Amino acid sequence: MKIQKNKVVHLSYVLRKDSAEGDVIEVADEQHPLVFLFGSGQLLPAFEANVEGLAEGEHTDFALKSEEAYGEINENAVVELSIDAFKVEGQIDREMIQNGKPISMKDNEGHVHQGIIQKVGLETVIVDFNHPMAGQNLHFAIRVVALRDATETEIEHGHVHG
């Protein structure tokens with residue numbers, strides 16, 4: 001069996017910044033692999049293109065340029081917000097707004113965006129809504145741990161169950 005559309009894939013991997021010798025960003029070992037429904041749009045298209053066709057037990061490694069991964073840093077995604085946007089029941093939540101702290105915020109259309117607080121001022125807060133890996137080239141070293149056919153329900157729902 002090979003990785004293709006509607007297969008449930010279990011991968012172990014080491015993700016590094018820039019190259020095979022770069023700093024380790026994330027690891028998924030064989031006891032806690034990445035499990036996903038191939039071809040459902042859950043992962044980066046360039047990532048899926050590099051693992052498609054691999055069989056159980058096979059290894060591969062590949063690099064993704066930032067534009068193939070999480071994109072370049074978008075300066076427009078770094079925004080200055082009024083400190084009033086961080087009021088909870090009329091009070092500024094100082095625990096919520098600390099430099100380097102992740103935050104979830106809703107826009108005017110109800111969409112939730114993840115950001116990192118960069119600077120807290122007296123009247124404003126600067127938040128970076130770029131993906132944390134934006135602007136970074138990535139290197140993956142992967143092993144296919146297991147493969148199986150997806151169930152009809154998993155295919156219908158677009159994700160792995162259980």
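In this report, the structure presented in the accompanying data block is examined. (Residues numbered from 1 in each chain as written. Predicted model: local features only at pLDDT ≥ 70, side-chain atom pairs only at ≥ 80, totals over all residues. Heavy atoms only, no water.)

Counting secondary structure elements, the protein contains two helices and 11 strands. If you list the helices and strands of the protein from N to C, you get β-β-β-α-β-β-β-β-β-β-β-β-α. Over its C-alpha trace the protein gives a radius of gyration of 19 Å, far above what one expects of a compact globule, namely 15 Å for 162 residues. Seen along its three principal axes, the alpha-carbon backbone of the protein occupies a region of about 60 × 40 × 25 Å. (Helix = DSSP H or I, 4+ residues; strand = E, 2+ residues; numbered from the N terminus. Rg over C-alpha atoms; globule rule 2.2 N^0.38 Å.)

We now examine the pairing of strand 2 (residues 24-28). Side-chain direction in a regular strand flips from residue to residue, so the side chains alternate between the two faces of the sheet. Bridge analysis of strand 1 (residues 7-17) against strand 2 gives four bridges, and the strand direction is antiparallel. Within strand 2, the residue paired with tyrosine 13 across the bridge is alanine 28. Counting the residues that bridge the hairpin from strand 1 to strand 2 gives six residues, and of these aspartate 18 lies at a positive phi of roughly 75°. (Pairing = 2+ DSSP bridges.)

Let us now look at the pattern of salt bridges. By the definition in use, this model includes four salt bridges. A salt bridge links lysine 87 to aspartate 84, with the shortest nitrogen-to-oxygen separation between them at 3.6 Å. Under the relative-accessibility criterion, lysine 87 is labelled partly exposed at 42%. Residue class for aspartate 84 comes out partly exposed when judged on its relative accessible area of 46%. (Salt bridge = Lys/Arg side-chain N within 4 Å of Asp/Glu carboxyl O. Buried < 20%, exposed > 50% of the residue type's maximum accessible area, 1.4 Å probe, protein only.)

With that settled, the discussion passes to the layout of surface pockets. Here the largest pocket defines a volume of roughly 200 Å³. Lining the largest pocket, in full, are Tyr13, Leu15, Glu26, Leu34, Gln42, Leu43, Leu44, Phe47, Tyr70, Met133 and Phe140. Class assignment of the residues belonging to the lining of the largest pocket gives a composition of nine nonpolar, one polar and one charged. (1 Å grid on protein atoms, 1.4 Å probe; cavity = no way out; pocket = protein on both sides within 12 Å on 5 of 7 lines; lining within 4 Å. Points joined across faces, edges and corners; volume = space filled by probe spheres on them. Nonpolar A, V, L, I, M, F, W, Y, C, P; charged D, E, K, R; others polar.)

Looking now at the sheet that holds strand 9 (residues 112-120). Adjacent strands of a sheet pair through backbone hydrogen bonds, lying either parallel or antiparallel. The strand order across the open sheet formed by four strands is 5-10-9-8, and the pairing between neighbours is antiparallel. Looking at which strands have only one partner, the edges of the open sheet turn out to be strand 5 (78-82) and strand 8 (102-106). The average angle at which neighbouring strand axes cross in this sheet is 45°, direction not considered. Judged from the five bridges that link them, strand 5 and strand 10 (residues 124-128) form a sheet pairing that is antiparallel. Across the sheet, valine 78 pairs through a bridge with aspartate 128, a residue of strand 10. (Axes fitted to C-alpha atoms, helices over the stretch in contact; angles between N-to-C directions.)

A few words now on the packing of aromatic side chains. Given two aromatic rings, one states the distance between the centres and the angle between the planes to describe the pair. Inspection of the entire model under this criterion finds five aromatic pairs. Arranged with centres 5.0 Å apart and planes meeting at 75°, the rings of phenylalanine 47 and phenylalanine 140 form a pair that is edge-to-face. Remark: phenylalanine 140 occurs in strand 11 (residues 138-149) and phenylalanine 47 occurs in helix 1 (residues 45-51); sequence separation between them is 93 residues. Both residues of the pair, phenylalanine 47 and phenylalanine 140, count as buried. (Phe/Tyr/Trp six-rings, centres within 6.5 Å; stacked < 30°, edge-to-face > 60°.)

Before going further, it helps to spend a moment on the environment of glutamate 154. Within the secondary structure, glutamate 154 is located in helix 2 (residues 152-157). Taking relative accessible area as the criterion, glutamate 154 reaches 2% and is therefore assigned buried.

Attention now goes to the environment of aspartate 23. Position of aspartate 23 among the secondary structure elements: in the loop between strand 1 and strand 2. Along the backbone, aspartate 23 and leucine 147 are 124 residues apart, and their C-alpha atoms lie at a distance of 29 Å. The contact partners of aspartate 23, leaving out residues within four places of it in the chain, are Leu15, Arg16 and Lys17. (Contact = heavy atoms within 4.5 Å.)

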